[in-house]
Every structure is written in C-alpha cells, then in structure tokens.
Amino acid sequence: MQKLLVKLFIKNYKDYQDPKVRHAYGTLSGFVGIFTNLFLSGFKIITGILIGSVAITADGLNNLSDVSTSIITLIGFKISSLPADKNHPYGHQRLEYVTGLVISFIIFLVGGILLKSSIEKIITPSELIIENFTLIMLSAAILLKFWQSSFYRKNGKLINSKTLITTSVDSRNDYLQTSAVLVSCLIYRYWGLNLDGYIGILVSIMIIISGIGLIKDTTSLLIGEAP
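Here the structure is a predicted model, which is why all the values come from computation and not from measurement. (Residues numbered from 1 in each chain as written. Predicted model: local features only at pLDDT ≥ 70, side-chain atom pairs only at ≥ 80, totals over all residues. Heavy atoms only, no water.)

> Just give me the short version of the packing of helix α5 (residues 132-159) against helix α6 (residues 162-191), but keep the residues and values in it.
Taken N-terminus to C-terminus, the directions of α5 and α6 make an angle of 165°; their axes are 8 Å apart at the nearest point. One finds that α5 runs roughly antiparallel with respect to α6. Between α5 and α6 lies a crossing of left-handed hand. Here the contact of α5 with α6 is built from residues that sort into 14 nonpolar, 11 polar and six charged. (Axes fitted to C-alpha atoms, helices over the stretch in contact; angles between N-to-C directions. Helix = DSSP H or I, 4+ residues; strand = E, 2+ residues; numbered from the N terminus. Parallel < 35°, antiparallel > 145°, perpendicular 65-115°, else oblique. Left-handed = near helix turned anticlockwise from the far one by under 90°. Nonpolar A, V, L, I, M, F, W, Y, C, P; charged D, E, K, R; others polar.)

Have a look at this one:
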C-alpha cells in the first residue's frame, strides 16, 4: 500500500534528494495521518460514549491529538522545502528537526496525560459493557495504526526524515496503547477483572520513556547542525 500511494501521488518518487520530492513525501504522509487519525478518533469516541468506556474514549482523544501532529508534519515539510535566503543561507531544512522536537514533546505530554488517567481509573474503576463489535473495532484500529507506523517509517528512511521517523514512533505507541485497551477488555469480559488502569500505567511509562529519548535525539541533531 505504501508503494502504491507513493507511485500515485509523488512524481519522480525515487529522486529522494530532490527537495520537491522530499516535500511531496512529507505532504503525503501528513494527509494520510490526518485522514486515518480523524477516522479512528471519531470511531473510538462514538463507540466509547455508546458503551460507556472511558478507556476507549480516551484512546480516541489520543488519536485526535495525532491529527495535530500530522498538521505539524505538513507545516514542517512546507517550511523546510523553502530555498535558502539571506537569513537562512543553509536553507530551511534544519527547521524539520524543530518539527520533530515539537512532535517529541507531544508524545511526552500525551504519555503524562495517559498516566494521570490510568491512576484515576485505578482509584475509581468504572463498569464496562464489552460487545463483540468493540473487540473487532479495537483489533481493526491496531492493524490500521500498525500500517500507519510502517508507512511513516518507510517514507522517513527513504528521504532520511527525522520528523517522519519520530511520527512513526508516535503511531507505534498508539497501537501499543490500543492493544493494552483490547487486552484489558478481554480480561474484563471473560474474567471480570478490571485492569484498565494498571495496563494503562505500563503503556504510559513506555510512551514517556520513548518521548524523552526522541527529545534527546532531536535536540542533539539541532545542536549538531549548522546554524
């Protein structure tokens, strides 16, 4: 699917060093992220409200925050594709690292918010109504997010984009989070144990750690680049 989309929407898609091609890869990735995240967000939020699941609703809100990440990606590639000028003799490509840094902070903040929500779920657990539709929906969401992460990673490696590779990590965190929600739903349905909060804490810590690592890596790149 990644190759098909690239061939359909990017002219001279193998000329990875061409700024216009790099910009096209970034634009395509941004729009794919906006549409898929909007779909997932709306679907999860509606489902969460209908069945009374705070975990699924929160997962949908997390996907909604990913829409802003995709918009930041679009803006970052637009700016980085601008030609060199008097104030930016080395060009604007360095600003792509700034975009990656912003996304890294978003990942870190989302992890913190989810950690807080998970602790609250442990303190005040809520009853869930788990239907087959819910399980199928969560499984489909995991597969879509897995594909999205792979899509970003492949494009990021092709054009050597820190922003897209960082966004790939964000998508990976998302399907890990949704996987945790799915596991907790299965456990609750078949054994009656409400482990949403505990699993949420583990996933939140993973997200926070990955966010810190990405912030360090992107900051190093910014410091190491020419002004």
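Structure shown, so let's carry the discussion forward.
> I'd like to hear about the side chain of Ser 70, residue by residue, with values.
Structurally, Ser 70 can be placed in helix α3 (residues 54-80). Note on Ser 70: relative accessible area 2%, which makes it buried. With residues up to four places along the chain from it excluded, the contact list for Ser 70 reads Gly 30, Gly 33, Ile 34, Asn 37 and Tyr 152. (Buried < 20%, exposed > 50% of the residue type's maximum accessible area, 1.4 Å probe, protein only. Contact = heavy atoms within 4.5 Å.)

> Lay out the packing of aromatic side chains in plain terms, naming residues and giving numbers.
Summed over the entire model, instances satisfying the criterion amount to eight aromatic pairs. Between Phe 39 and Phe 43 the ring centres are 5.8 Å apart and the planes differ by 20°, which places this aromatic pair in the stacked class. In this pair, Phe 39 and Phe 43 are both assigned in helix α2 (residues 19-51), four residues apart and thus about one turn of the helix distant. Take Phe 39: its relative accessible area is 51%, and that puts it in the exposed class. By relative accessible area, which is 34% here, Phe 43 ends up partly exposed. With centroids separated by 5.1 Å and ring planes inclined at 25°, the aromatic side chains of Trp 147 and Phe 151 adopt a geometry described as stacked. Taken together, the residues span about one helical turn, with Trp 147 and Phe 151 both in helix α5 at a distance of four residues. By relative accessible area, which is 24% here, Trp 147 ends up partly exposed. Using a relative accessible area of 1% as the deciding quantity, one classes Phe 151 as buried. What links up through ring pairs into an aromatic cluster is the set Phe 39, Phe 43 and Phe 133. (Phe/Tyr/Trp six-rings, centres within 6.5 Å; stacked < 30°, edge-to-face > 60°.)

> An account of empty space enclosed by the protein is requested, with residue identities and associated values reported.
The final tally for this structure, using the stated rule, is two cavities of 30 Å³ or more. What lines the largest cavity is a set of 15 residues, and nearest its centre among them are Ser 118, Lys 121, Gln 177, Val 181 and Gly 200. Only α3, α4 (95-123), α6 and α7 (196-224) provide two or more residues apiece to the lining of the largest cavity. At five residues, the largest contribution of residues to the lining of the largest cavity is made by α7. (1 Å grid on protein atoms, 1.4 Å probe; cavity = no way out; pocket = protein on both sides within 12 Å on 5 of 7 lines; lining within 4 Å. Points joined across faces, edges and corners; volume = space filled by probe spheres on them.)

> Give me the lowdown on unusual backbone geometry, citing residues and values where you can.
The phi dihedral of Asn 12 is positive, around 55°, even though this residue is not glycine. Take Asn 12: it is sitting in the loop between α1 (2-9) and α2. Residue Asn 160 is not a glycine yet carries a positive backbone phi of 55°. Looking at the secondary structure, you find Asn 160 in the loop between α5 and α6. Assessed through its relative accessible area of 62%, Asn 160 is described here as exposed.

> Could you give me a rundown of a nonpolar patch on the surface, with the residues and numbers involved?
Where nonpolar side chains cluster on the molecular surface, the patch consists of Met 1, Leu 4, Leu 8 and Phe 9 and spans about 480 Å² of accessible area. Tracing the backbone shows Leu 8 in helix α1. Given a relative accessible area of 58%, Leu 8 falls into the exposed group. (Patch = residues over 30% accessible without salt bridge, like charges linked within 9 Å, V, L, I, M, F, W, Y side chains within 5 Å. Areas by Shrake-Rupley, 256 points an atom, 1.4 Å probe, with all protein chains shown as cover. Salt bridge = Lys/Arg side-chain N within 4 Å of Asp/Glu carboxyl O.)

> Lay out a positive patch on the surface with the relevant residues and their values.
A contiguous patch of positive charge, built from Lys 3, Lys 7, Lys 14, Arg 153, Lys 154 and Lys 157, is present on the exposed surface. Taken together, the elements giving at least two residues each to the positive patch come down to α1 and α5. Counting residues per element, the positive patch draws most heavily on α5, at three residues. On the secondary structure map, Lys 7 appears in helix α1. On the basis of relative accessibility, which here comes to 51%, the residue Lys 7 falls in the exposed class. (Lys, Arg positive; Asp, Glu negative; His and termini not counted. Charge placed at Lys NZ, Arg CZ, Asp CG, Glu CD.)

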